[in-house]
Amino acid sequence: MKAKTVLKFLLVTVLVGCKPIKQSEVINISKAKEIAVSEEFMKDASKEYLVEGYFVNDPLPMLVTDMKWFLVNTPMPDSVYILIKGEASELLMKDADKYFGALVQIKCKLSPVKSRVTKMDKIDIEIICKELPKIIKEKTVRLETPTYYNICKINPKICQLAPFLSKNYALLYSGGINASNAHSRYWNDLKFMYKTLKSKYGYQDNQIVVVYKDGVAADAEMPVNYAASIVGLKDAMNYLNSKMTTRSNLFFFITNHGGGYNTSDNTNYSGITDAVPKDEVDPYGYDETVFYYNAASNAISDDTLAAMFNRLKFKYLVSLLEPCFSGGLLRDLRGNNRVLASAANEFEFSWGGAPGNHDLFSYYFTCALNGADHNGAVVNADTNSDGKVSFLEAFLYAKNHDTSQEQPLLEDS
């Protein structure tokens, strides 16, 4: 009897040992999206996978295939990111600093969902996760929350001045596309410029028009006047037209995603086929674009943007253009009595990654105009020592401090 018992035990052990142990399969973001629309998924939607990617929580908790998609100022292709939902998303937001920028694996179920507003005819994929991820590779990028020193405490007379520069106006714009793409650095870019205009150059709130995202301020440090919608931008332009005259100067700063043709990988990133009459002189034939926020018809072409400004009354137009492919915007906005700077040329990305969670080129440009960085450290861009910082000096300072692969351009008619 003992021999038979031992034999039975060994037989059971061998059979159990030979049975495959069900383990979570490690897949990347592209594979997760492929599986979620397959017959395999339809047969077993409850299966869990270990999805691998770099974690970011700005603006929403998600995985991306490469941290460049967080830093670049062009719409993220569907194939490079996946949103994290479920209990883990809340846990990650509470402990985001630990995971932000790290390569992680997180156990999740796949979930097809209705597409976001700009792609109504497509299915998006999210991952539903309960547990925190495992870190595979430590973070490569850090996300800072900037604090801005108060120049009014240093130079109170400047901030108490009457609006002696009432002929000057400024338009600060960022659309951000949608909740998945509207990075917090765009708000930081606008806010740093807003504070510089007020504290350094005497602009009053009624001279600065802020058009941002859904029309709601991200904090109490800067008011938002209009939503970045078709109606909001039109109303902002109408406001400026009602205030400005042919003696007015207008400063336009846009920080946003941009669309166009990238020659480094021969890919069109949300550019629009050049309309008739055709004005693009390059062989690729795409109008550059910038974006509204959460609009079904989301893209603003370079031609449309130029037409909006051509209808305004002003003496001088001075523009700082941060988006990807912004050299194309510069080409269309140029004209008499206009000085324009772009972070990138017509066929390349522009990048974030500046101190304090800002975009690179516009951050250093603003530092030059401000005479200090966002922490108050002195910045001296006055190369000819005349006590003023010209647009050219600010451009050169920003260009010399820009460490990314972008080619800033200056257009001065």
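For the structure given in this document, a descriptive report is provided here. (Residues numbered from 1 in each chain as written. Predicted model: local features only at pLDDT ≥ 70, side-chain atom pairs only at ≥ 80, totals over all residues. Heavy atoms only, no water.)

### Looking at the packing of helix α13 (residues 360-370) against helix α14 (residues 391-401)
Okay, step 1: Relative to each other, α13 and α14 sit at 135°, their axes nearing to 8 Å. Taken together, α13 and α14 sit at an angle that is classed as oblique. In this structure, α13 meets α14 at a crossing whose hand is right-handed. Taking contact as the criterion, the partners of Phe361, Tyr364, Phe365, Cys367, Ala368 and Leu369 in α13 are, on α14, Phe391, Ala394, Phe395, Tyr397, Ala398, Lys399 and His401. (Axes fitted to C-alpha atoms, helices over the stretch in contact; angles between N-to-C directions. Helix = DSSP H or I, 4+ residues; strand = E, 2+ residues; numbered from the N terminus. Parallel < 35°, antiparallel > 145°, perpendicular 65-115°, else oblique. Left-handed = near helix turned anticlockwise from the far one by under 90°. Contact = heavy atoms within 4.5 Å.)

### Structural notes on the side chain of aspartate 302
Okay, step 1: Position of aspartate 302 relative to the elements: it lies in helix α11 (residues 302-310).
Okay, step 2: When sequence neighbours within four positions are dropped, the list of residues in contact with aspartate 302 reads Glu280, Asp287, Glu288, Gly328, Leu329 and Asp332.

### A word on the side chain of glutamate 406
Okay, step 1: Relative to the helices and strands, glutamate 406 is located in the loop between α14 and β21 (409-412).
Okay, step 2: Only 2.9 Å separates the side chain of glutamate 406 from the backbone nitrogen of tryptophan 351, close enough to count as a polar contact.
Okay, step 3: Glutamate 406 has contacts with Ala343, Ala344, Glu348, Phe349, Ser350, Trp351, Leu360 and Phe361, leaving out every residue within four places of it along the chain. (Polar contact = N/O pair within 3.5 Å; in protein donor to acceptor, adjacent residues only side chain to side chain.)

### What about the nonpolar core?
Okay, step 1: One finds Leu172, Phe251 and Phe365 to be the most contacted residues of the largest nonpolar core, which totals 57 residues.
Okay, step 2: Here this core takes eight residues from α13, the largest share from any one element.
Okay, step 3: Excluding residues within four positions of it along the chain, phenylalanine 251 makes contact with Tyr169, Ala170, Leu171, Leu172, Met193, Leu197, Tyr203, Val318 and Leu320. (Core = buried A, V, L, I, M, F, W, Y, C linked by side-chain atoms within 4.5 Å. Buried < 20%, exposed > 50% of the residue type's maximum accessible area, 1.4 Å probe, protein only.)

### Quick notes on the packing of aromatic side chains
Okay, step 1: Enumeration according to the criterion identifies 16 aromatic pairs in this entry.
Okay, step 2: Look at tryptophan 69 and phenylalanine 349: their rings are 6.4 Å apart centre to centre, the planes differ by 65°, and that puts the pair in the edge-to-face class. You can see tryptophan 69 sitting in helix α4 (residues 68-71) and its partner phenylalanine 349 sitting in the loop between β18 (338-342) and β19 (352-354), a full 280 residues away along the chain. Of the two residues examined, tryptophan 69 and phenylalanine 349, each falls in the buried class. (Phe/Tyr/Trp six-rings, centres within 6.5 Å; stacked < 30°, edge-to-face > 60°.)

### Side note on the state of the cysteines
The term disulfide refers to a covalent linkage connecting the sulfur atoms of a pair of cysteines.
Okay, step 1: Inspection of every chain in the model, using the stated rule, returns one disulfide.
Okay, step 2: Through a disulfide, cysteine 108 is tied to cysteine 129; the S-S separation comes to 1.8 Å. Handedness here is read from the sign of the S-S torsion; for cysteine 108 and cysteine 129, about 100°, the answer is right-handed. In this pair, cysteine 108 is assigned in strand β5 (residues 103-114) and cysteine 129 in strand β6 (residues 123-129), connecting sequence segments 21 residues apart. (Disulfide = S-S within 2.5 Å.)

No statement about biological role is implied by the geometric values presented.
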